[in-house]
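In case you want the letters, here they are:
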Amino acid sequence: MPYLLPSDVLVWLLVAAVAAYGWYCHRYAHLSVPWARVFRSPAAVASAVVLSAYLAIGLLDSLHFRPALPAKPGATEKAYSTEVLSMLDLGLAQLRGRAEKTYSAPLATRSYAKEQVELPGGKQARDFPRLRFGGAQLQDEADWAEDVARRVLAGFAVAALAFAAFAFLIRWLRRRRPEVPWNAALVAVGVLLFLAGPAFALSTHYHMLGTDKVGQDVFYLALKSIRTSLVIGTVTTLVLLPVGIGLGTMAGYFRGWVDDLIQYVYTTLNSIPGVLLIAAAVLMMQVVIERNAEWFSLAAQRADVRLLVLCAILGFTSWTGLARLLRGETLKLSQLEYIQAAHAFGVRDSHILARHILPNVSHIVIIAMVMDFSGLVLAEAVLSYVGVGVDPSTNSFGTMINAARMEMSREPVVWWALATAFTFMLALVLAANLFADAVRDGFDPRVRM
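Residues numbered from 1 in each chain as written. Predicted model: local features only at pLDDT ≥ 70, side-chain atom pairs only at ≥ 80, totals over all residues. Heavy atoms only, no water.

Trainee: I keep staring at the overall build of the protein and nothing clicks. Help me out?
Mentor: Regarding its fold elements, the protein presents 16 helices and 4 strands. Along the longest, intermediate and shortest principal axes, the C-alpha atoms of the protein span 100 × 60 × 55 Å. Residue burial in the protein is summarised as follows: out of 449 residues, 44% are buried. Just so you have it, the protein exposes about 23800 Å², and 66% of that area is on carbon and sulfur atoms. Taking the average place of the 39 positive charges on the side chains of the protein and the average place of its 33 negative ones, the gap between the two points comes to 5 Å. (Helix = DSSP H or I, 4+ residues; strand = E, 2+ residues; numbered from the N terminus. Buried < 20%, exposed > 50% of the residue type's maximum accessible area, 1.4 Å probe, protein only. Areas by Shrake-Rupley, 256 points an atom, 1.4 Å probe, with all protein chains shown as cover. Lys, Arg positive; Asp, Glu negative; His and termini not counted. Charge placed at Lys NZ, Arg CZ, Asp CG, Glu CD.)

Trainee: Mind showing me how you'd approach the pattern of salt bridges here?
Mentor: Close approach of charged atoms allows side chains of opposite charge to pair. Applying the stated criterion to the full structure yields 11 salt bridges. Between Asp-391 and Arg-306 there is a salt bridge; the shortest N-O distance is 3.6 Å. Taken together, the positions of Asp-391 in the loop between α14 (349–385) and α15 (397–405) and Arg-306 in helix α11 (residues 299–316) put the pair 85 residues apart, joining distant regions of the chain. A residue is classified by how much of its surface remains accessible, and Asp-391, at 10% relative accessible area, is buried. Given a relative accessible area of 13%, Arg-306 falls into the buried group. Across the salt bridge formed by Glu-329 and Lys-332, the nearest N and O atoms sit 3.4 Å from each other. On the criterion of helical spacing, the pair formed by Glu-329 and Lys-332 is a turn pair, its members being 3 residues apart in helix α12 (residues 320–333). Within the structure, one salt-bridge network assembled from shared partners comprises Asp-61, Asp-89 and Lys-224. (Salt bridge = Lys/Arg side-chain N within 4 Å of Asp/Glu carboxyl O.)

Trainee: It is not clear to me how the side chain of Ser-225 should be interpreted in this structure. Could you clarify?
Mentor: Along the chain, the position of Ser-225 falls in helix α8 (residues 218–254). The class of Ser-225 is buried, set by a relative accessible area of 0%.

Trainee: Help me understand the domain arrangement of the protein, please; the structure alone is not making it clear to me.
Mentor: In many reports, interface size means the accessible area that the parts give up when they come together. What the domain assignment reports for the protein is domain 1 (100–203) and domain 2 (225–443). Placing a centre on the C-alpha atoms of domain 1 and another on those of domain 2 gives a separation of 36 Å. Contacts between domain 1 and domain 2 engage 5 residues on the former and 7 residues on the latter. Overall, the association of domain 1 and domain 2 removes approximately 540 Å² of surface from exposure, summing both partners, and the carbon and sulfur fraction of that is 68%. The three residues of domain 1 that bury the most area against domain 2 are Tyr-103, Pro-106 and Tyr-112, which together make up 88% of that side's buried surface. Summed over the shared surface of domain 1 and domain 2, the result is 0 salt bridges. Along the contact surface separating domain 1 from domain 2 lie 2 residue pairs in polar contact (both at pLDDT 80 or more). (Domains from an automatic or database assignment. Contact = heavy atoms within 4.5 Å. Buried area = accessible area lost by both parts, 1.4 Å probe. Polar contact = N/O pair within 3.5 Å; in protein donor to acceptor, adjacent residues only side chain to side chain.)

Trainee: Help me understand empty space enclosed by the protein, please; the structure alone is not making it clear to me.
Mentor: In this approach, a probe sized like a water molecule rolls over the atoms, and the result shows the empty space that is left. By the definition in use, this model includes 1 cavity of 30 Å³ or more. In terms of lining, the largest cavity is formed by Val-282, Met-285, Gln-286, Arg-306, Val-309, Leu-310 and Gly-389. The set of elements that each furnish at least two residues to the lining of the largest cavity consists of α10 (274–291) and α11. Here the lining of the largest cavity is composed, by residue class, of 4 nonpolar, 2 polar and 1 charged. (1 Å grid on protein atoms, 1.4 Å probe; cavity = no way out; pocket = protein on both sides within 12 Å on 5 of 7 lines; lining within 4 Å. Points joined across faces, edges and corners; volume = space filled by probe spheres on them. Nonpolar A, V, L, I, M, F, W, Y, C, P; charged D, E, K, R; others polar.)

Trainee: I keep staring at the packing of aromatic side chains and nothing clicks. Help me out?
Mentor: Two descriptors summarise a pair of aromatic rings, namely the distance from one centre to the other and the angle between the planes of the rings. The full count for this structure, using the stated rule, is 13 aromatic pairs. Between Tyr-24 and Tyr-28, the ring centres sit 4.9 Å apart and the planes meet at 55 degrees, which makes this aromatic pair tilted. Overall, the relative accessible area of 40% leaves Tyr-24 in the partly exposed class. With a centroid separation of 6.5 Å and an interplanar angle of 35 degrees, the aromatic rings of Phe-397 and Phe-424 are classed as tilted. One end of the pair, Phe-397, is in helix α15; the other, Phe-424, is in helix α16 (residues 416–443), with 27 residues separating them in the sequence. Phe-397 sits in the buried class, given a relative accessible area of 0%. Three or more aromatic residues link up through ring pairs in this structure, and these residues are Tyr-103, Tyr-112, Trp-415 and Trp-416. (Phe/Tyr/Trp six-rings, centres within 6.5 Å; stacked < 30°, edge-to-face > 60°.)

Trainee: Help me understand the layout of surface pockets in this model?
Mentor: Roughly 1200 Å³ of internal volume is contained in the second largest pocket. Leu-221, Pro-392, Ser-393, Thr-394 and Asn-395 are the residues nearest the centre of the second largest pocket, which is lined by 49 residues in total. Taken together, the elements giving at least two residues each to the lining of the second largest pocket come down to α5 (93–96), α8, α11 and α15. Ranked by residue count, the leading element in the lining of the second largest pocket is α11, at 6 residues. Here the lining of the second largest pocket is built from residues that sort into 22 nonpolar, 14 polar and 13 charged.

Trainee: Just to check I follow, could you spell out the side chain of Asp-89 for this structure?
Mentor: Counting through the fold element by element, Asp-89 comes out in helix α4 (residues 87–91). At a separation of 2.6 Å, a polar atom in the side chain of Asp-89 contacts the side chain of Tyr-220. Sequence-distant contacts of Asp-89, defined by excluding residues within four places in its chain, comprise Arg-96, Tyr-220 and Lys-224.

So, in structure tokens, the structure goes:
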């Protein structure tokens, strides 16, 4: 049965809004030209490919449903599970359902911790037991290297076929849009394919990135964490944009006591340590959610509401930088001749703000929105690390790091969970930062690429 979480609704509304904005920009040259400048940058094209891969995984993880339970004899109505799954869970069912007892290293065939095992002669001894799923198809562990090499080559072969198909698509696109550096897109797609092909080929019979403390596949947890980062980075923007744009333009346009009041508010907010303010707000909302558990029929719904509450808190504490930028730009614009002429003709303030001020500060809004994304992704990781982030049942890079930090001091070190979260988060943040730099260069009228 399809099931909509509150964050799913916001995610798909955002997708529709971005599609509508793209169609609107396509109709007007003054809006499409800056974006054309953005996509003349090889770094922007390559980072857009990486971000598109993350976005595709996040959208698959935003299509939720409740699986049907086996029908009971004589039952007239179909019963559904209380567990909420996504289309990504359906595609990764093999990874999701292969839990081990505890830690296992990447591509290992035996557990990372010794247990009491029974030897063939009936004696008991402490040894590293064989995993239930990782490398279970091997009759002899001496064949491990050959089996891994064969699966890696099979993954490379599939990746090569997909790369060849994409190369033909690039040739067709190059004829239509020769100004776009399609070679950068081809290289980025090639890197992703030749990483993903062997990864999924190995994941069918091994835990490619190992398992965590409770035996869950780390590769599966990393893929599930992508949606949380995207929701934090995008939904938070929905909260901070209206507040930052409204207060920033009002402060710069009306000046006087309005400007003084708004400046006092954001100066006071900036004087409070950000992590402490967010932590206090999150802890208060946690108490409210725990005391009103009857509001939520499913555990997934409660975890999703907590995620949205975190987005709202981050948004209401992160608007000050955008408001300060827009205040300065609006102060400059309000002194220009056409604004003064509009005042002389008696045009209403709301009309001036909507028709003259907002369109001329839109480039600042777009630049700030794209550049704040990576900061918000990192903020979630920090907050989850200190225990005031998302719900513990929600997969995120912060919860992965928080779960792995205590294992860094043990001997031998369990390093793969932390390394996986760091690598996936680094790729996302780096791609977002490179794309943000290109957007800044494309939209800033003082910069010419």
